[in-house]
Amino acid sequence: MDYDYLISQREKDIHNRCCSKKLWCIKDICGIICAILTWLLIIYAEFVVMAVILIPKINTFYSTLNIAIFQTLTFLAFISHIKTMFTDPGAVPKGNATKEMIQQMGFVEGQVIFKCPKCCSIKPERAHHCSVCQRCIRKMDHHCPWVNNCVGENNQKYFVLFTFYVAGISLQSLMLCVQQFTTCVRQEWKDCTTFSPPATVILLLFLTFEALLFAIFTAVMLGTQLQAIWNDETGIEQLKKEEARWVRNSHWKSLQAVFGRFSIAWFSPFTSPPNTKNKLDAYLYSV
């Protein structure tokens with residue numbers, strides 16, 4: 001197999017890329033709106049928690065501790081979302097199933113090759129075609145409009161971390177909202193907030209609704225993702241009830257395939273998932 005030839009072909013595969021081909025970008029207006037809405041909701045939660053609840057009591061240890069925890073979780077959630085959104089989820093090079101390329105890749109005559117009729121790609125095992133990304137995605141779990149991207153082999157770790165940290169800030173927001181309501185009612189709305197009582201009530205009610213909705217949604221998504229990883233079965237494979245033609249990993253190896261060897265890096269969106277590609281299957285990966 002001519003590896004240099006494969007590299008040259010992959011360098012031409014620039015579909016769904018931006019910023020001088022450095023970032024993976026899905027040009028889907030619905031997904032872009034959902035992603036921006038996600039950022040705005042996180043910013044709103046941070047504003048209410050900080051300006052209405054915590055900063056007026058900044059001189060207390062309890063408030064300072066909650067500020068540190070909330071800001072850390074919010075930062076990690078935002079970075080996890082960005083990484084999920086702008087990371088190639090495992091796209092197969094588009095149009096690599098031509099006769100000439102198959103010959104260059106060194107496939108022998110009679111060897112079974114699965115092709116995708118929609119993007120004219122050699123379809124590796126456990127890959128599925130995404131109509132939004134217009135690509136075949138390795139170990140595709142689902143396409144999520146909230147991150148404007150597919151969740152697949154290369155970015156599932158970031159998506160799991162995003163749901164984990166958003167669930168964390170949602171639960172903390174709910175706890176702080178309940179406490180703030182209780183405090184303000186006990187003090188008859190005197191010196192409990194820098195905003196007027198009506199404005200405080202509206203801000204806290206909206207945050208309570210948002211936090212409750214996000215807590216339920218992200219907790220369910222987190223649970224389904226961890227279950228899929230634990231069982232070495234993607235969401236699409238579960239939905240279609242596909243018969244496992246691949247060799248299933250053990251539960252622990254399935255976790256390691258997504259997060260790497262167990263360490264504190266499991267919880268960091270700044271560390272990349274394990275890189276499994278090699279020269280033998282390089283033609284199945286985009287640059």
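All values derive from a computational prediction rather than experimental measurement.

**Q** Explain the packing of aromatic side chains to me, please; I cannot follow it from the model alone.
**A** One pair of aromatic rings is described through two measures. These are the centre distance and the angle between the planes. Per the counting criterion, the structure on display carries 10 aromatic pairs. Ring geometry for Phe47 versus Phe195: centroids 6.2 Å apart, planes at 80 degrees, classification edge-to-face. Of this pair, Phe47 sits in helix 2 (residues 29-54) while Phe195 is found in the loop between helix 5 (156-186) and helix 6 (197-230), placing the two residues 148 residues apart along the sequence. Exposure remark for Phe195: the relative accessible area of 30% places this residue in the partly exposed category. Judged by centre distance (6.3 Å) and plane angle (50 degrees), the ring pair of Trp252 and Phe262 falls under tilted. Here Trp252 is found in helix 8 (residues 251-259), whereas its partner Phe262 is found in the segment after helix 8, with 10 residues between them in sequence.

**Q** Even after reading the chapter, I still don't get the pattern of salt bridges, so can you show me in this structure?
**A** When the charged atoms of two side chains lie near each other, side chains of opposite charge can form a pair. Within this structure, the stated rule accounts for four salt bridges. Close ionic contact of Asp88 with Arg17 constitutes a salt bridge, the shortest N to O distance being 3.3 Å. With a gap of 71 residues between them, Asp88 in the loop between helix 3 (61-86) and helix 4 (99-104) and Arg17 in strand 1 (residues 17-18) connect regions that are remote in the sequence. An identical accessibility class is assigned to Asp88 and Arg17; each is buried. Note that Glu237 is salt-bridged to Arg126, the shortest N-O span being 2.9 Å. A residue pair is termed long-range when its members are at least 10 positions apart, and Glu237 in helix 7 (residues 235-240) and Arg126 in the loop between strand 4 (121-122) and strand 5 (127-130) qualify at 111 residues.

**Q** What should I look at first to understand a nonpolar patch on the surface in this one?
**A** Taken together, the side chains of Ile32, Ile36, Leu37, Leu40 and Ile43 make up a nonpolar region of the molecular surface, amounting to roughly 410 Å² of accessible area. Among the secondary structure elements, Ile43 is positioned in helix 2.

**Q** Looking at this structure, how should I read the environment of Trp146?
**A** For Trp146, the position within the fold is in the loop between strand 7 (142-144) and strand 8 (149-151). Overall, Trp146 belongs to the partly exposed group, its relative accessible area being 29%. Those residues in contact with Trp146 that sit more than four places away from it in its chain are Cys34, Ala35, Leu37, Thr38, His81 and Phe217.

**Q** Sorry, what's going on with the UniProt feature "transmembrane region" (unreviewed entry) in the chain here?
**A** The residues that UniProt annotates with the feature "transmembrane region" (unreviewed entry) are residues 29-55, 61-79, 158-181 and 201-222. With 100% helix and 0% strand, the stretch residues 61-79 has end C-alpha atoms that lie 27 Å from each other. The span residues 201-222 carries 100% helix and 0% strand; its end-to-end C-alpha distance comes to 31 Å.

**Q** Explanation requested: the pairing of strand 6 (residues 135-138) in the structure shown.
**A** The two faces of strand 6 match: Arg135 and Ile137 on one face and Cys136 and Arg138 on the other face are all buried. Between strand 5 and the antiparallel strand that follows it, strand 6, lie four residues; Gln134 among them carries a positive phi value of about 60 degrees.

Calculation rules
Residues numbered from 1 in each chain as written. Predicted model: local features only at pLDDT ≥ 70, side-chain atom pairs only at ≥ 80, totals over all residues. Heavy atoms only, no water. Phe/Tyr/Trp six-rings, centres within 6.5 Å; stacked < 30°, edge-to-face > 60°. Helix = DSSP H or I, 4+ residues; strand = E, 2+ residues; numbered from the N terminus. Buried < 20%, exposed > 50% of the residue type's maximum accessible area, 1.4 Å probe, protein only. Salt bridge = Lys/Arg side-chain N within 4 Å of Asp/Glu carboxyl O. Patch = residues over 30% accessible without salt bridge, like charges linked within 9 Å, V, L, I, M, F, W, Y side chains within 5 Å. Areas by Shrake-Rupley, 256 points an atom, 1.4 Å probe, with all protein chains shown as cover. Contact = heavy atoms within 4.5 Å. UniProt positions renumbered as here; feature names shortened; annotations may be inferred. Pairing = 2+ DSSP bridges.

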